[in-house]
Amino acid sequence: ASDPVTPERSEAARPPRLQQFAQPSAMDAESVARALFTNAGTVGNVVPAHVWLEDAATGTLRPVASHGPLAPSRNPVPITEGTLGTALLQGRATVEPLNRISGPEASRTIWRFAAPVGTPDIRGVAALDIDADAEPSRDALNEIFAMMRTALSGALALHLAEAEHEAAKRLMKAARVLSRTLDPDSVVSVCLDAAVKLAGAATASVMLLAEDDGTLEIVAAHGLPTAIVDSTIVSVGEGIAGWVAATGQPVLVEDLPGKPGRGERHGVRSAVSVPIADEDGLLGVLNVGSRRYPAHFTQSHLDTLELLGRQTAVALRNARAIQAAEDVYLSSLKALALALETKDPYSQGGTDRVMDLAVRIGKAMDLDDVELRALEIAAMLHDIGMTGAGSLYAACSRPLTTIERGLVKMHPAVAAEILEQAPALKQVVPIVFHHHEHYDGSGYITGAAGPDIPLAARILSLADSYVAMTSDRPYRHALSAQEAEDEIRERAGTQFDPAVVEVFLEFGRADRERNERKPH
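Bear in mind the structure is a predicted one, so any value in this text is a computation, not a measurement.

K.L.:
Can you walk me through the sheet that holds strand E12 (residues 281–290) in this structure?
P.N.:
Two strands in a sheet stick together by hydrogen bonds in their backbones, pointing the same way (parallel) or opposite ways (antiparallel). Read from one edge of the open sheet, 6 strands run E9-E8-E7-E12-E11-E10, paired in antiparallel fashion. At either margin of the open sheet sits one strand with a lone partner, and together these are strand E9 (233–234) and strand E10 (251–254). As defined by bridge partners, strand E7 (residues 203–209) adjoins strand E8 (residues 216–222) across 6 bridges and the pair is classed as antiparallel. Across the sheet, the residue bridging to Leu209 is Leu216, located in E8.

K.L.:
Would you take a moment to explain the packing of helix H8 (residues 350–364) against helix H13 (residues 455–469) for this structure?
P.N.:
Any two packed helices are characterised by how steeply their axes cross, that is the angle between the axes, and by the distance between the axes. Where H8 meets H13, the closest approach of the two axes is 9 Å, and the angle between their N-to-C directions is 140°. Comparing their axes, H13 and H8 come out oblique. Classified by chirality, the crossing of H13 by H8 is right-handed. Taking contact as the criterion, the partners of Gly350, Arg353, Val354, Leu357, Ala358, Ile361 and Gly362 in H8 are, on H13, Ile459, Leu460, Leu462, Ala463, Asp464, Tyr466 and Val467.

K.L.:
Would you take a moment to explain the packing of aromatic side chains for this structure?
P.N.:
In this description, a pair of aromatic rings is defined by centroid distance and the angle of the planes. Tallied over the entire structure, the rule returns 2 aromatic pairs. Pairing Phe113 with Phe145 gives two aromatic rings, centres 5.2 Å apart and planes at 55°, and the pair type is tilted. Taken together, the positions of Phe113 in strand E5 (residues 107–118) and Phe145 in helix H3 (residues 138–179) put the pair 32 residues apart, joining distant regions of the chain. Here Phe113 matches Phe145 in class, with each residue buried. In this arrangement the basic side chain of Arg360 is found over the ring face of Phe507, its NZ or CZ atom lying 4.2 Å from the centre.

K.L.:
When you look at the side chain of Thr60 in this model, what are you seeing that I'm missing?
P.N.:
Within the secondary structure layout, Thr60 lies in strand E2 (residues 60–67). A relative accessible area of 0% means that Thr60 is categorised as buried. Looking at Thr60, its side chain comes within polar contact range of the side chain of Arg62, at 2.9 Å.

K.L.:
Help me understand helix H1 (residues 29–40) in this model?
P.N.:
Turn by turn, an α-helix covers 3.6 residues, leaving residues three or four places apart pointing in a common direction. Helix length check: H1 (12 residues) gives 16 Å between terminal C-alpha atoms against 16 Å at 1.5 Å per residue, within 8%. Those residues of H1 that fall on the buried side of the exposure criterion are Ala29, Ser31, Val32, Ala33, Ala35, Leu36, Asn39 and Ala40. In this fold, the buried residues of H1 make contact with strand E1 (45–55), E2, strand E6 (123–132) and H3. One side-chain oxygen of the residue at the start of H1 lies 3.3 Å from the amide nitrogen of Glu30, identifying that residue as Asp28.

K.L.:
How do you make sense of the pairing of E12 when you look at a structure like this?
P.N.:
Note on strand geometry: in a regular strand, side chains alternate between the two faces of the sheet. With 8 of 10 residues buried, E12 is to be regarded as a mostly interior element. Bridge count between E7 and E12: 6 bridges; the pairing is antiparallel. Among the inter-strand pairings, Met207 is bridged to a residue of E12, identified as Val285. In this structure, strand E11 (residues 270–278) lies alongside E12, joined through 9 bridges in antiparallel fashion. Paired with Ser270 across the two strands is Ser290, which belongs to E12.

K.L.:
Before we go on, may I ask you to explain the environment of Ala93 in this structure?
P.N.:
Looking at the secondary structure, you find Ala93 in the loop between helix H2 (82–90) and strand E4 (94–102). Once the C-alpha coordinates of Ala93 and Ala114 are considered, the two residues, 21 residues apart in sequence, prove to be 5.6 Å apart.

K.L.:
Looking at this model, I keep getting lost on the nonpolar core. Mind explaining?
P.N.:
The nonpolar side chains of a soluble globular protein tend to be buried with one another. Counting 45 residues, the largest nonpolar core has Ile361, Leu375, Val428, Ile431, Leu462, Ile488 and Phe504 as the members making the most contacts within it. Elements with a contribution of two residues or more to this core: H8, helix H9 (369–381), helix H11 (411–419), helix H12 (429–433), H13, helix H14 (481–490) and helix H15 (498–517). Looking at which element gives the most residues to this core, the answer is H13, with 9 residues. Each residue touching Ile361, except ones within four places of it in the same chain, is listed here: Ile459, Leu462, Val500, Val503, Phe504 and Phe507. Ala195, Leu252, Val274 and Leu316 belong to the second largest nonpolar core, which has 33 residues in total.

Each value, and the rule that gives it
- Residues numbered from 1 in each chain as written.
- Predicted model: local features only at pLDDT ≥ 70, side-chain atom pairs only at ≥ 80, totals over all residues.
- Heavy atoms only, no water.
- Pairing = 2+ DSSP bridges.
- Helix = DSSP H or I, 4+ residues; strand = E, 2+ residues; numbered from the N terminus.
- Axes fitted to C-alpha atoms, helices over the stretch in contact; angles between N-to-C directions.
- Parallel < 35°, antiparallel > 145°, perpendicular 65-115°, else oblique.
- Left-handed = near helix turned anticlockwise from the far one by under 90°.
- Contact = heavy atoms within 4.5 Å.
- Phe/Tyr/Trp six-rings, centres within 6.5 Å; stacked < 30°, edge-to-face > 60°.
- Buried < 20%, exposed > 50% of the residue type's maximum accessible area, 1.4 Å probe, protein only.
- Lys NZ or Arg CZ within 6 Å of the ring centre and 35° of its normal.
- Polar contact = N/O pair within 3.5 Å; in protein donor to acceptor, adjacent residues only side chain to side chain.
- Expected span 1.5 Å × (residues − 1).
- Core = buried A, V, L, I, M, F, W, Y, C linked by side-chain atoms within 4.5 Å.

None of this, on its own, says anything about what the molecule does.
Structure, rendered in structure tokens:
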């Protein structure tokens, strides 16, 4: 910005330089505002000295620092209004009466002197509010500001750099988490959480393009009513989010004080919407909102969230590709499990039942997504080793010989050897290998007991046994669900983990209560 414009004057008319000029103790905005306050005290009764930074995206000046007994409002100021805006837009110092205070004996005026500071790229205003009977000396104030111009401009630059550095650190942290997130739903959750923290937002939502009709639907939200989340469907080009989707451009919407027509969007007064997009196209829109009044978001928020939207798009495409590959892989494993089932007519359909029950118990016992997926695959392929026993076990109605029983007992080890050939199944191997161990150590293959048996294997052991009990066999009829539950209860602490048994039995109680409530 230009130096303050001052009237031409003779050397005799020029005010004397300050004898003791206070240098800022540091270059941060608070220290510089304190030094400005001290130096201006030679001119009059300064009530605050304050520094403001322009935010071009919203057309406002944002408070940066102040020092003095009467701090100015922390609200953003439109650059088209007031002494501060005049100084910024005209590029010169200006002084105007701010408030007039009338008392029983005399009237006083608070004057505001404001001058532009900064650089062409980082613009701002520094100001002094002075309690004086008459207009304070412009020449003296111009002299003070001229001596402090470098410090004031540097303080603005430092303030902006520190804010951008902090935002960059938070953004890098979010990027690292996104790069390690391989599930699409988890990518959305990470994005939403990062957006709330980066913007200090009260509300946020992630909208993704629906594959069937191309509309935007909210898939994750923070701080929004459930009814709004469930019912919001936006066409491309419709509303703020639709406009962002159609143009691929971010947008910042602010409700400013004193402006008519302020709409309360679910209590939101400031909003930022950015595309979730990369070089391959648009995937959705990220929205954040603030209920603070007046305006809250800045150009920095807009830039940071736009970068988060790009990072999210890349992570989401990667996660979807991995999920698609896993789905194909899982389908292939299911086909293999089905092929194994066809060799034994008594086991057909049992794999799905084992898998469903095991996963249900795993979720109730707080297994994470990776552990659940390993448990699901283990439940699918736990009997793959039975191929080593040939057809002797399938539909066999006679007692097995010692050799045959030995072959059957070896099937977990055979299955583990088969699965070890696939590195992607590394976490599945111990579950399958130990799924016939007993909690008291009486099982096979190793005789492991208690917590030495992986939790997922303990879960699979119970699920596999329950399905076997409730399925017909050539040598017996299926037990009823209640009979099987009673038998599993009796074996808690011996064959089965008591904690797993308790979760399983709770399912049975809940299912029976649900059935009893159904109208007959």
